[in-house]
Amino acid sequence: MITQFQRGCAAVALIAAAVLSISPARAQQKSEISLSRQPGIFYMPSHIMEKQKLIEKHAASLGVPNVTTKWVTFSGGGAQTDALLAGGVDILNTGTGNLLLLWDRTRGGVKGIVATSAQPMTLISRDANIKSIKDFGPSDKIAVPTVKVSTQAIVLQIAAAETFGADQWSKLDANTVQLGHPDAYAALANPKHEVHNHFSIPPFSFLELKNVPGAHVVLNSPDVMGGPLSQAQFFTTTKFADANPKIIQAVRDATKEAQDLIRSDTKQAVEIYKEITGDKTSVEELLDLLKQPGMMEWNLEPQGTMKFAAHLYKTGTLKTQPKAWTDYYLPVAHDLKGN
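The rules behind each value
- Residues numbered from 1 in each chain as written.
- Predicted model: local features only at pLDDT ≥ 70, side-chain atom pairs only at ≥ 80, totals over all residues.
- Heavy atoms only, no water.
- Pairing = 2+ DSSP bridges.
- Helix = DSSP H or I, 4+ residues; strand = E, 2+ residues; numbered from the N terminus.
- Axes fitted to C-alpha atoms, helices over the stretch in contact; angles between N-to-C directions.
- Buried < 20%, exposed > 50% of the residue type's maximum accessible area, 1.4 Å probe, protein only.
- Arc of directions from axis to C-beta.
- Contact = heavy atoms within 4.5 Å.
- Phe/Tyr/Trp six-rings, centres within 6.5 Å; stacked < 30°, edge-to-face > 60°.
- Lys NZ or Arg CZ within 6 Å of the ring centre and 35° of its normal.

Engineer: Which residues make up the sheet that holds strand S8 (residues 195-200), and what are the values?
Structural biologist: In space, the five strands of this open sheet follow the order S7-S6-S8-S5-S9, with mixed pairing throughout. If you trace the sheet from one side to the other, it starts and ends with strand S7 (176-178) and strand S9 (216-220), each paired once. Neighbouring strand axes in the sheet, compared pairwise and without regard to direction, differ in orientation by 30° on average. Note that strand S6 (residues 141-144) and S8 share three bridges and pair parallel.

Quick look at the structure:
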């Protein structure tokens with residue numbers, strides 16, 4: 001029988017083969033750039049970049065005029081890598097797990113540009129009997145954006161290894177089911193739904209704790225990782241980066257400008273986020289959310305990614321152990337103090 005893990009690895013292998021076989025024509029300099037992201041406030045820098053056309057602005061200042069961007073939202077990182085496989089996107093904005101897996105499987109053919117956010121993830125349950133991950137039984141389903149390879153799924157593995165023993169890292173893999181964050185929130189809000197648990201991100205984590213009866217925190221990612229973990233970063237193929245170095249620099253510059261706006265004028269940033277996403281949460285609620293611990297971790301440098309990579313290597317998911325985070329990031333980021 002083909003297991004879920006084997007299917008996941010096969011999909012990643014297909015993506016890797018596609019990336020490695022990109023033709024020279026595909027790697028030519030482009031003026032129309034397609035970028036993908038997921039739902040959630042983690043991706044606020046990208047919403048600001050879209051609204052204010054910051055990539056276009058910085059590309060023009062670097063001598064590349066008339067650049068246009070197309071932003072596409074997918075429910076999970078797996079869908080984004082599928083889009084890369086199909087040639088539908090040039091640059092992804094998603095989790096550390098997908099970056100590391102593609103970097104490994106393509107032998108360095110996919111690398112990060114810059115990180116965008118490192119807000120905490122929260123494992124939430126509405127089951128009163130589940131107070132820690134020791135309480136999950138075989139039938140207790142945990143929603144994650146992509147099984148096995150999403151940042152949430154891998155942090156859950158790290159937590160399992162720390163709780164049950166290093167050889168038990170996959171103990172809760174069978175409990176995970178794939179649901180995008182909006183669908184997982186809807187599942188938790190429905191008392192008849194079989195999914196009672198969600199490894200959530202803001203704003204869904206805050207909405208669940210506020211609106212779902214009995215919802216409570218089981219664990220937070222900073223507790224597992226010992227600090228912030230980059231939840232979203234831009235990454236692309238090295239062939240695209242080599243053919244479009246000024247676009248890569250423009251993405252870095254645009255990301256920094258967007259992050260600076262979030263810090264300097266948080267209300268304007270929130271209003272842009274609401275406009276682009278259609279999020280019905282009030283501006284006041286979102287501003288309160290951003291005052292919570294860890295919610296202003298908007299940084300270019302990758303955070304916590306080497307611990308993440310070390311786990312994936314120990315479990316055999318990565319075949320190559322990176323010596324430093326700069327192994328899987330493009331030179332445009334190498335001056336940053338990442339980890």
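Engineer: Account for unusual backbone geometry, with residues named and values stated.
Structural biologist: Following Pro202, the chain continues into Pro203 via a peptide bond in cis, with omega recorded as 0°. Considering the arrangement of structural elements, one finds Pro203 in the loop between S8 and helix H8 (204-211). Positive phi outside glycine occurs at Lys53, with the angle close to 50°. Tracing the chain through its elements places Lys53 in the loop between helix H2 (44-51) and helix H3 (54-61). Phi at Asn66 takes a positive value of approximately 65°, unusual for a residue other than glycine. Counting through the fold element by element, Asn66 comes out in the loop between H3 and strand S2 (68-73).

Engineer: Before we move on, can you summarise helix H5 (residues 96-105) with the specific residues and values?
Structural biologist: Among the ten residues of H5, ten are classified as buried, and the element is accordingly described as predominantly covered. By the burial criterion, the buried members of H5 are Thr96, Gly97, Asn98, Leu99, Leu100, Leu101, Leu102, Trp103, Asp104 and Arg105. Phi turns positive one or two residues past the end of H5, at Arg107, with a value near 55°.

Engineer: With reference to specific residues and values, describe helix H14 (residues 305-314).
Structural biologist: Taken together, the buried positions of H14 are occupied by Thr305, Phe308, Ala309, His311 and Leu312. Each buried residue of H14 sits inside an arc of 160° when the element is viewed along its axis, so together they form one side. Contacts made by the buried residues of H14 are with H5, helix H6 (151-164) and helix H9 (221-225). Looking at the residues trailing H14, positive phi occurs at Gly316, about 85°.

Engineer: Break down the side chain of Gln152 for me, with residues and values.
Structural biologist: Here Gln152 shows up in helix H6. Gln152 has contacts with Met121, Val144, Pro145, His181, Phe199 and Ile201, leaving out every residue within four places of it along the chain.

Engineer: Give me the lowdown on the packing of aromatic side chains, citing residues and values where you can.
Structural biologist: The full count for this structure, using the stated rule, is five aromatic pairs. On the numbers, 5.8 Å between centres and 65° between planes, the contact of Trp103 with Tyr328 is edge-to-face. Residue Trp103 is found in helix H5, and its partner Tyr328 is found in the segment after H14; the two are separated by 225 residues along the sequence. The exposure classification of Trp103 matches that of Tyr328, with both residues buried. Taken together through their ring pairs, the aromatic side chains of Trp103, Trp325, Tyr328 and Tyr329 make up a single cluster. A cation over a ring is seen here: Lys171 above Phe164, with NZ or CZ 5.1 Å from the ring centre.

Engineer: So what's going on with the sheet that holds strand S4 (residues 110-117)? Which residues, and what values?
Structural biologist: Taken together, five strands build an open sheet; the order of strands is S2-S1-S3-S10-S4 and the sheet is mixed. Taken across any chain shown, the strands that pair with only one partner, and hence form the sheet edges, are S2 and S4. The mean inter-strand angle of the sheet, taken between neighbouring strand axes irrespective of direction, is 20°. Both S4 and strand S10 (residues 232-237) contribute to a ladder of five bridges, which runs antiparallel. Bridge pairing in S10 places Ala115 opposite Gln233. Where helix H4 (residues 77-85) meets the sheet, it contacts strand S1 (32-37), strand S3 (91-94) and S10, and its direction lies at approximately 175° from that of S3. Contacts from helix H11 (residues 245-264) reach S1, S3, S4 and S10, with the element oriented near 15° to S4.

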